[in-house]
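The lines below spell out each chain.
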Amino acid sequence: MAVQTVATDTDLSLGPAVALSCRECGERFPLGPIFACEACFGPLEIAYDLPGGDPEELRKRIEAGPDSIWRYAPLLPVPADVADKPNLNPGFTRLVKADNLARELGVTGGLYVKDDSGNPTHSFKDRVVAIAVEAARAFGFTTLSCSSTGNLAGAVGAAAARAGLRSCVFIPHDLEQGKVVMAAVYGGDLVGIEGTYDDVNRFCSELIGDPIGEGWGFVNVNLRPYYAEGSKTLAYEICEQLGWRLPDQLVVPIASGSQLTKIDKGLRELIALGLVEDRPYKIFGAQAEGCSPVARAFKDGHDVVRPVKPDTIAKSLAIGNPADGPYVLDIARRTGGAVEDVNDGQIVDAIKLLARTEGVFAETAGGVTVGVTRKLIEAGVLDPSLTTVVLNTGDGLKTLDAVAPTTGPSAIIRPNLDSFRKAGLA
């Protein structure tokens, strides 16, 4: 593990965060830019001293906060004055009550789409990067970096530009052009690497261990414990937007699996703080068939997730060796959920279904969650009589190639009424 130059503990101001804790053995470490346990090499996550007292007072404090993830600053590893710093202020995106989609799918208990395409760079990645930026500032990093399947690269580029930091991000060379342009436009360095995302991630791990990487904060590697906490804000917002209550069922896309595990962590924190009533909920994971190692392990009853080589149009989920895969399996089984996959054709159909019924144009990951929701309902696994929240994590304008071959004008006519009538559109 590389030695990084960082601020001392006395310099740190990361709110209620008090330590790093190993998810495997429980060993604790001081806050710093490390991501693996020195005792067992397990992943580290943030341990907190969360606010106590009257839950109603905490609810009021949250509700009086800004319309961004910073309303939840008392529950995040960020300084108390985070909302006053130059950042992109992501979050508090809309929760769409999807009644039209519910009728199509036969859902009677209430169906919602948490639409994160409204974030500054049009994906949920703005949430996690915003937290990582605060850690990078605290540790004195001057360059912000990442390995990315696309959305994260754009989020890092934009956040670094706003924060006045240099950015250098790494992507597979064959990403969708929309994501490449969006990552490059912010003026940082964008590096395409020949290979899959897993190859890109391995390269970044080598760079961290080299003197070249001194002063670099890799949001999803050496800043990963902080970065990952941003996904909790999805859980916080969903519950607040439902009137401070837990949904019965959630359908969450799986790339690395971190988003799903942190949503579960966020729900459990709300319960522990008394902000929501403690009652059962189920979490379902969604993968593309062309990259579905977690779904395969779940269906086979295995605890080990075997890596695969991705081959799917859902490039934002194309991580063949998902770091949090085993924890996703644990959560799906503990909550009574499941992990399912859909093929590329089903992804495209689901993107169009969501757009046609609710006016929400999802990227391919959103097509995966909607497609899996439909598949789970048809299989009798997901209960249509319960309140269900489906995540759309990005904007369909980033993945136009997925739907372009089967989407276009209804007709091309001459500019006159007779031509319009002959086209059968009158």
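Residue positions are given per chain, counting from 1 as you read along its sequence in written order. The predicted origin of the model limits local features to residues at a pLDDT of at least 70 and limits the giving and counting of side-chain atom pairs to 80 or more, whereas totals for whole chains, interfaces and linings rest on all residues. Computation of side-chain values covers all heavy atoms of the structure but excludes hydrogens and water.

**A short note on the packing of aromatic side chains**
Any two rings among Phe, Tyr and Trp, with Trp reduced to its six-membered ring, count as a pair given centres within 6.5 Å; such a pair is stacked if its planes are under 30 degrees apart, edge-to-face if over 60, and tilted if neither. In total, this model carries five aromatic pairs according to the counting rule given. Ring geometry for Phe139 and Phe141: centres 6.4 Å apart, planes at 80°, overall edge-to-face. Here's how the labels work: a residue is buried when its accessible area is under 20% of the maximum for its type, exposed when over 50%, partly exposed in between, all with a 1.4 Å probe on protein chains only. When its relative accessible area of 1% is taken as the criterion, Phe139 is described as buried. Here Phe139 and Tyr226 contribute two aromatic rings whose centre-to-centre distance is 5.4 Å and whose plane-to-plane angle is 65°, an arrangement assigned as edge-to-face. Highlighted residues: Phe139 in the loop between α3 (125–138) and β6 (143–147) and Tyr226 in helix α7 (residues 224–227), separated in sequence by 87 residues. Looking at Arg71, its charged tip hangs above the ring of Tyr72, at a distance of 6.0 Å from the centre. Two conditions define a charge located above a ring, namely a distance within 6 Å from the ring centre to NZ of Lys or CZ of Arg, and an angle within 35 degrees of the ring normal. Against the face of Phe92 rests Arg71, its NZ or CZ located 4.1 Å from the ring centre. A helix here means a DSSP run of H or I that spans at least four residues, while a strand means a run of E at least two residues long, and both kinds are numbered starting from the N terminus.

**So, a nonpolar patch on the surface**
Patch rule: a residue counts if its relative accessible area is over 30% and it has no salt bridge; like charges are joined within 9 Å, and nonpolar side chains (Val, Leu, Ile, Met, Phe, Trp, Tyr) within 5 Å. Reported accessibility uses the Shrake-Rupley method at a 1.4 Å probe radius. Residues are deemed covered only where the shown protein chains occlude them. Salt bridge criterion: a side-chain nitrogen from Lys or Arg within 4 Å of a carboxyl oxygen from Asp or Glu. Taken together, the side chains of Ile413, Phe420 and Leu425 make up a nonpolar region of the molecular surface, amounting to roughly 230 Å² of accessible area. With respect to the secondary-structure elements, Leu425 resides in the segment after α15 (417–422). Looking at Leu425, the relative accessible area reads 40%, which means it is partly exposed.

**Some points on helix α4 (residues 151–163)**
In this analysis, the expected span of each helix is defined as 1.5 Å times one less than the number of residues it contains. Helix length check: α4, at 13 residues, gives a terminal C-alpha distance of 18 Å against a target of 18 Å (1.5 Å per residue), a fit within 8%. Most of α4 sits inside the fold, with 11 of its 13 residues counted as buried. On its buried face, α4 is in contact with α3, β6, β7 (166–172), α5 (177–184) and α7. The first or second residue beyond α4 is Gly164, which carries a positive phi of 80°. Note on contacts: a residue pair qualifies if any of its non-hydrogen atoms lie within 4.5 Å across the two residues.

**Considering the pairing of strand β13 (residues 388–392)**
Within β13, five of the five residues are buried, which leaves the element mostly enclosed by the surrounding structure. Residues of β13 alternate between two faces, with Thr388, Val390 and Asn392 on one and Val389 and Leu391 on the opposite face, all of them buried.

**Section: the sheet that holds strand β2 (residues 28–29)**
Should DSSP find at least two bridges between two strands, the strands are regarded as paired. One open sheet accounts for three strands, arranged β2-β1-β3; its pairing is antiparallel. Across the chains shown, the open sheet's two edge strands, defined by having one partner strand only, are β2 and β3 (44–48). Summarising the sheet, strand β1 (residues 17–22) and β3 pair through five bridges and their orientation is antiparallel. Among the inter-strand pairings, Ala19 is bridged to a residue of β3, identified as Ala47.

**Overview of the nonpolar core**
Phe139, Tyr226 and Leu267 are the most contacted members of the largest nonpolar core, which has 86 residues in total. With nine residues, α3 is the largest single contributor of residues to this core. Sequence-distant contacts of Leu267, defined by excluding residues within four places in its chain, comprise Ala235, Cys239, Leu246, Leu250, Tyr281 and Ile283. For our purposes a nonpolar core is just a set of buried Ala, Val, Leu, Ile, Met, Phe, Trp, Tyr and Cys residues, chained together by side-chain atoms within 4.5 Å. Counting residues in hydrophobic clusters, the runner-up holds 36 residues, among them Tyr197, Ala350, Ile377 and Val403.

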